[in-house]
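# A closer look at the structure
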Amino acid sequence: MEDLKDLIKKARTDHILEREEILLLLSSPEIDEILFAAADEVRKRYVGDGIHLRGLIEFSNFCRNNCCYCGLRRDNKNITRYRMDEDTIFATAEYAVQAMGLKTIVLQSGEDLYFDCEKLCGIIQLIKSLDVALTLSIGEKSFSEYRAYKEAGADRFLLRIETTDKDLYLQHDPQMSFENRIECIHNIGRSGLEVGTGILVGLPNQTLESYADDILFFKTIKADMVGIGPFIPHPNTPLRGAIGGSLQISLKIMALTRLLLPDINIPATTAMETIEKNGQIRALKAGANVIMPNITLPLYRQHYELYPGKSDTGYLPDNNLQKLIGTIHSIGRFVAEGYGFHQKLL
Ligand code: 5AD
Ligand code: SF4
């Protein structure tokens, strides 16, 4: 136990751990509370008590990919596909900025080729007229597309690596290329966009060793943001019978990420809240400093089912946002004022 405490002490000051050390911490449940407290202290020291709210708009659930874990996969015929039009996307963003006071909009979709570069750049320019930071989460694109989004005004891009275990990655969508995924993440950074990445936790055959590699990967690529969420089995996918990820191990991976990348943005993810009530609060007390309230209209949101229960969590206009703010205050934190860019302090 003393050895484990020393490791955490070292990580708190140096923000460096070897693969074997990460592995040791991940496989020692007796250290969990000390690890979470350390991540909370590092979070406070580097990014403070402000929580950044990012309004999530799920503007299309069409997807050309077939990830085994995801309810939006193309082989799922049991789903109503939708695309929001430009006016609706803009109206949602406008409400979020002007009525709700949000400082970042996140546009997310499946990999939907209908929204080509020109259409997307038009939407980006419209939303940027609202004086708001803009994040895209729309999948694998070419370098020139990432650059075009940046030039149109986009600020950040989220593309999870999902897992750094290549064999496992390919098991879940044999038609995708692991190398291209890595290349895309590099290209996002090269284009000048902030890089958000992250993983799923608890896929069948995923190992503690691979989580250690994932955490080191975040550090190697100098991620600006890292989102970690437990895998939740979806009934209309091949993984319907799988066990799914646990909140506890997801929080541990998140806390270790905070120790090693002390100044980045880390969301308390919706999947954490979906598998356990208060999952997001626990995350906010173990290293997280961001929440992404879902502002998609219920009409669409009900069909954006990456995993079951997703559309029930998240927060919609006014009442629920007030509830979220109340929760944030109840744990001694506050809603941050700025746009919440990654302030590089290391
Ligand atoms: N459970 C949890 N998260 C999921 N995602 C996709 N399917 C699931 C699921 N069944 C996550 C992926 C993707 C993000 C948008 O949603 O990590 O990157
Ligand atoms: Fe498509 Fe993303 Fe779901 Fe994969 S995880 S099927 S790319 S929406």
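Our structure is the block above this text.
First things first, this report covers the structure right here in the doc. Everything quoted here is computed from the prediction, not taken from an experiment.

## Topic: the site of ligand 2
- Close to ligand 2 lie C63, N65, C67, Y69, C70, L72, R73 and G110, which account for all nearby residues.
- Of the residues that constitute the shell around ligand 2, the class distribution is five nonpolar, two polar and one charged.

## Considerations on the packing of aromatic side chains
- Applying the stated criterion across every chain, the model contains nine aromatic pairs.
- Seen from their ring centres, Y339 and F341 are 6.3 Å apart, and the 55 degrees between their planes marks the pair as tilted.
- Among the residues examined, F341 registers a relative accessible area of 31% and is labelled partly exposed.
- A connected cluster of aromatic rings, assembled from ring pairs, spans F59, Y114 and F115.
- Between the NZ or CZ atom of R190 and the centre of the ring of F143, over which it lies, the distance is 4.1 Å.

## Remarks on the pattern of salt bridges
- Across all of its chains, the model carries 20 salt bridges by this definition.
- Note that K10 is salt-bridged to E21, the shortest N-O span being 3.0 Å. One end of the pair, K10, is in helix α1 (residues 2–14); the other, E21, is in helix α2 (residues 19–26), with 11 residues separating them in the sequence.
- You can call K10 partly exposed: its relative accessible area is 28%.
- Assessed through its relative accessible area of 19%, E21 is described here as buried.
- One salt bridge in this structure joins R12 and E41, with 3.2 Å as the shortest N-O distance. Within this pair, whereas R12 is found in helix α1, its partner E41 is found in helix α3 (residues 32–47), the two being separated by 29 residues in sequence.

## Digging into helix α4 (residues 86–98)
- The end-to-end C-alpha separation of α4 is 18 Å, in line with the 18 Å expected for 13 residues at 1.5 Å each.
- Taken together, the buried positions of α4 are T88, I89, F90, T92, A93, A96 and V97.
- Packing partners of the buried residues in α4 comprise β1 (50–60), β2 (104–109), α5 (117–128) and α13 (298–301).

## Remarks on the site of ligand 1
- The immediate surroundings of ligand 1 are formed by Y69, C70, Q108, R160, E162, L200, P230, F231, I232, L306 and Y307.
- Take R160: an N or O atom from its side chain is 2.8 Å from an oxygen atom of ligand 1.
- When ligand 1 sits alone it has 410 Å² of accessible area, and the protein chains cover 88% of it.

## Here's the deal with the nonpolar core
- Formed by 103 residues in total, the largest nonpolar core has its most connected members in I105, L107, I127 and Y149.
- Here this core takes nine residues from helix α10 (residues 247–260), the largest share from any one element.
- In this view, I105 contacts G55, I57, A93, A96, V97, I127, V132, A133, L134, T135 and I295; residues no more than four positions away in its chain are not counted.
- Counting six residues, the second largest nonpolar core, distinct from the first, contains L56, L158, M225 and V290.

Definitions and limits used
- Every chain is numbered on its own, with residues counted from 1 as its sequence reads.
- For naming, the first written chain is A and the first written ligand is 1, with later ones following in the order written.
- Two thresholds apply to this predicted model, a pLDDT of at least 70 for residue-level local features and 80 or more for giving and counting side-chain atom pairs, whereas whole-chain, interface and lining totals are computed over all residues.
- Side-chain descriptors were evaluated using all non-hydrogen atoms of the structure, hydrogens and water having been removed beforehand.
- We call a residue near a molecule or strand as soon as one heavy atom of that residue lies within 4 Å of the molecule or strand.
- Asp, Glu, Lys and Arg are counted as charged, while Ala, Val, Leu, Ile, Met, Phe, Trp, Tyr, Cys and Pro are counted as nonpolar; the rest, among them Gly, fall into the polar class.
- Stacked, tilted and edge-to-face are the three classes applied to pairs of Phe, Tyr and Trp rings, where Trp contributes its six-membered ring and a pair requires centres within 6.5 Å; stacked means planes under 30 degrees apart, edge-to-face means over 60, and tilted covers the rest.
- The buried label applies to any residue whose accessible area, calculated with a 1.4 Å probe on protein chains only, is under 20% of its type's maximum; exposed applies above 50%, and partly exposed to all values in between.
- Two limits define a charge over a ring: the Lys NZ or Arg CZ must be within 6 Å of the ring centre, and within 35 degrees of the ring normal.
- We define a salt bridge as a contact between a side-chain nitrogen of Lys or Arg and a carboxyl oxygen of Asp or Glu at a distance within 4 Å.
- A run of DSSP states H or I qualifies as a helix once it reaches four residues; a run of E qualifies as a strand once it reaches two. Both are numbered from the N-terminal end.
- Expected helix span is taken as 1.5 Å per residue step, with the number of steps being one fewer than the number of residues.
- What makes two residues a contact is simply this: any of their non-hydrogen atoms within 4.5 Å.
- We define a polar contact as two N or O atoms separated by no more than 3.5 Å, with the added condition that, inside protein, one atom must be a possible hydrogen donor and the other a possible acceptor, whereas residues neighbouring each other in sequence contribute only through side-chain atom pairs.
- Per-residue and other accessible areas follow the Shrake-Rupley method at a 1.4 Å probe size, with only the shown protein chains counted as cover for residues.
- Put simply, buried Ala, Val, Leu, Ile, Met, Phe, Trp, Tyr and Cys residues joined by side-chain atoms within 4.5 Å make one nonpolar core.

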